[in-house]
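What follows is each chain in one-letter form.
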Amino acid sequence: MRKSESTILGLATMAGFAALSVQAAPPGDDPMPAAVDYAWDWPIEEEKPDDFYELELRLDVYRSVTDPSLRDIGVYDSSWHAVPRLIGPPADSKPVPESTARIAALPVLAPAGLSVGDMRLALVRSEAGTRVQIVSGTLAAAAGPATLVAYVADLGEERTDLRGIGIEWPREIEPVIARVTIEGSSDFDRWFRLGNGAIAGLRQDSASIERRRIDVANHPVRYLRLSWDSVPAGWRIDRLTAFFAPPAPAIDRDWLSMVSTGRDPADRGYLFDIGGSPPVDRLNLELPDGTSLVRASIFAWLPDRQVWLPVHDGSFYRLRRDGNAVTSDAATIPAQRSSRWKVKVERGAGELQFGFQVGWRSDRLHFIAQGQGPWRLVAGNAMDLANGFPQERRYADPAMRGLLEKSDSIGHARLGARQELGGSVRLESVRTPEWRRWLLWIGLAGGVLLVGFMVLRLARQPAASGPGA
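About the criteria used
Residues numbered from 1 in each chain as written. Predicted model: local features only at pLDDT ≥ 70, side-chain atom pairs only at ≥ 80, totals over all residues. Heavy atoms only, no water. Helix = DSSP H or I, 4+ residues; strand = E, 2+ residues; numbered from the N terminus. Buried < 20%, exposed > 50% of the residue type's maximum accessible area, 1.4 Å probe, protein only. Contact = heavy atoms within 4.5 Å. Pairing = 2+ DSSP bridges. Axes fitted to C-alpha atoms, helices over the stretch in contact; angles between N-to-C directions. Phe/Tyr/Trp six-rings, centres within 6.5 Å; stacked < 30°, edge-to-face > 60°. Salt bridge = Lys/Arg side-chain N within 4 Å of Asp/Glu carboxyl O.

**Q** Can you walk me through the side chain of Thr241 in this structure?
**A** Along the polypeptide, Thr241 turns up in strand β17 (residues 239-244). Judged by its relative accessible area of 14%, Thr241 falls in the buried class. Those residues in contact with Thr241 that lie beyond four places of it in its chain are Thr100, Ala101, Arg102, Gly164, Ile165 and Gly166.

Here it is, written out as structure tokens:
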């Protein structure tokens, strides 16, 4: 190999290694952001001193972050030192299995106009079966033929685990929309209200709507009494089903009702904006008074993919008949963190004015009571993305969850009012120069220019003619 060729190859190799060394240089350890680097903060109000604390995130926290996954949230002590924190969904309550039992529905017959609440009833048992007898003096003064005014049922013994009553009626009398009141008693004399709700059985616009269960309050009870408002001709109950289950823990869920912010030009879907990204798992349409039945497709916006994700397709209704109304239950979906939502009406009144309601179970934040209180929650920092979310990397060790599970006591805390810290400017995306990438390109360009210069210089030198030349 000639000397000029060897020199050129060496220069090219040096330039390449210089560029690669720039690219392979490990990034420096980004410093933990100061509290003032965040847009907002909240004082944390603990109930009593403890080693660990748990608090529930509110909607104003979801509306204050730049990252839907809540990675730009931190907790600082009174000296403004960050402390370990962990954010996650509330512990899932295990579903409580239910058992069922068929119970006989015994009709109560009385002259029209006689109030069920004024009746004193008795159960008369004989070889022919059990029947209900009205023993109050009011019946003697009443006139007219006896009609069906109520049903009673006997659970057989006093129960404390009754959770609901299922009601079956003949399908040939449908459509049915009625409001049923369920009362309970332990002695068949003193009655108290257990539950009240709408039942329905009808078909409208090719949709079949059925609601046959009414949930009841937790109360010791043996006897049941059912009464109603505005039932169709021929009304009767064929069968009752009792649902039993041990008490289930109450599930707290936050709800937000919204009005449309506009229409999507692409498909005319109605647009809604939460202003934050809580983990929504319930959806509902708030339809106007009257009779409304719509089929709608609901979408959540995915900003990272710039697409609308379909999350639910189904019917929503608010139906009224004979003065009684029944509304659809909220739809259940897998938890979805999205600020923007779209409702596209597939069938029904195209220009119907409705509200959109979302529900969610708020995330829980746990933190270690490190340093000195009072502690403060901070949120909203666009620079956290550029720095790889240092709060999440350093202070969200999943091992903390194991410590929390082993802890005998976890203190409860709550957030005070939101206060401005660094201000909304901290939420703005900042285009930080990617200096490592620029240095790489500068190194490559410099190496190429250097090699080109040396090649040109060597090419202009006369070649040696031989030894001793």
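So much for the structure itself; the text now carries on.
**Q** I keep staring at the sheet that holds strand β6 (residues 99-103) and nothing clicks. Help me out?
**A** Taken together, the four strands give an open sheet; going across it, the order is β6-β17-β11-β15, and neighbouring strands pair in antiparallel fashion. In this open sheet, the two edge strands, each paired with only one partner strand, are β6 and β15 (213-215). Each strand axis lies, on average, 25° off the axis of its neighbour in the sheet, ignoring direction. As paired elements, strand β11 (residues 162-168) and β17 share six bridges and run antiparallel to each other. Counted as the bridge partner of Ile165 is Ala242 from β17.

**Q** Got a minute to help me understand the sheet that holds strand β26 (residues 340-347) in this structure?
**A** The strands that make up a sheet pair up through hydrogen bonds in the backbone, lying either parallel or antiparallel. If you trace the six strands from one edge of the open sheet to the other, you get β19-β20-β26-β22-β23-β24, paired in antiparallel fashion. The open sheet terminates on both sides in strands that have one partner only, identified here as β19 (262-263) and β24 (324-327). Judged from the 11 bridges that link them, strand β22 (residues 292-302) and strand β23 (residues 307-321) form a sheet pairing that is antiparallel. In the sheet register, Trp301 faces β23, and the bridge partner there is Trp308.

**Q** For this particular structure, what's the right way to read the packing of aromatic side chains?
**A** Any aromatic ring pair is given by two values, namely how distant the centres are and how the planes are angled relative to each other. The full count for this structure, using the stated rule, is 14 aromatic pairs. Their ring planes at 45° and their centres at 5.1 Å tell us that Phe272 and Phe356 sit as a pair that is tilted. Here Phe272, found in strand β20 (residues 270-273), pairs with Phe356, found in strand β27 (residues 355-360); they are 84 residues apart in sequence, far enough to count as distant. Judged on exposure class, the residue Phe272 and its partner Phe356 are both buried. Residues Trp341 and Phe356 carry aromatic rings whose centres are separated by 6.3 Å and whose planes lie at 50° to one another, so their mutual orientation is tilted. Remark: Phe356 occurs in strand β27 and Trp341 occurs in strand β26; sequence separation between them is 15 residues. No difference in accessibility class separates Trp341 from Phe356, as the two residues are buried. Among the aromatic residues, those joined into a cluster by ring pairs are Tyr270, Phe272, Trp341, Phe354 and Phe356.

**Q** Sorry, what's going on with the pattern of salt bridges here?
**A** Here the idea is simple: oppositely charged side chains can pair when their charged atoms come close. On inspection of all chains with the given rule, the structure shows 26 salt bridges. As a salt-bridge pair, Arg236 and Asp238 come within 3.1 Å of each other at their nearest N and O atoms. Given the relative accessible area of 39%, Arg236 is considered partly exposed. Salt bridges here are not isolated pairs; linked through shared partners, they connect Glu168, Arg171, Glu174, Glu210 and Arg212.

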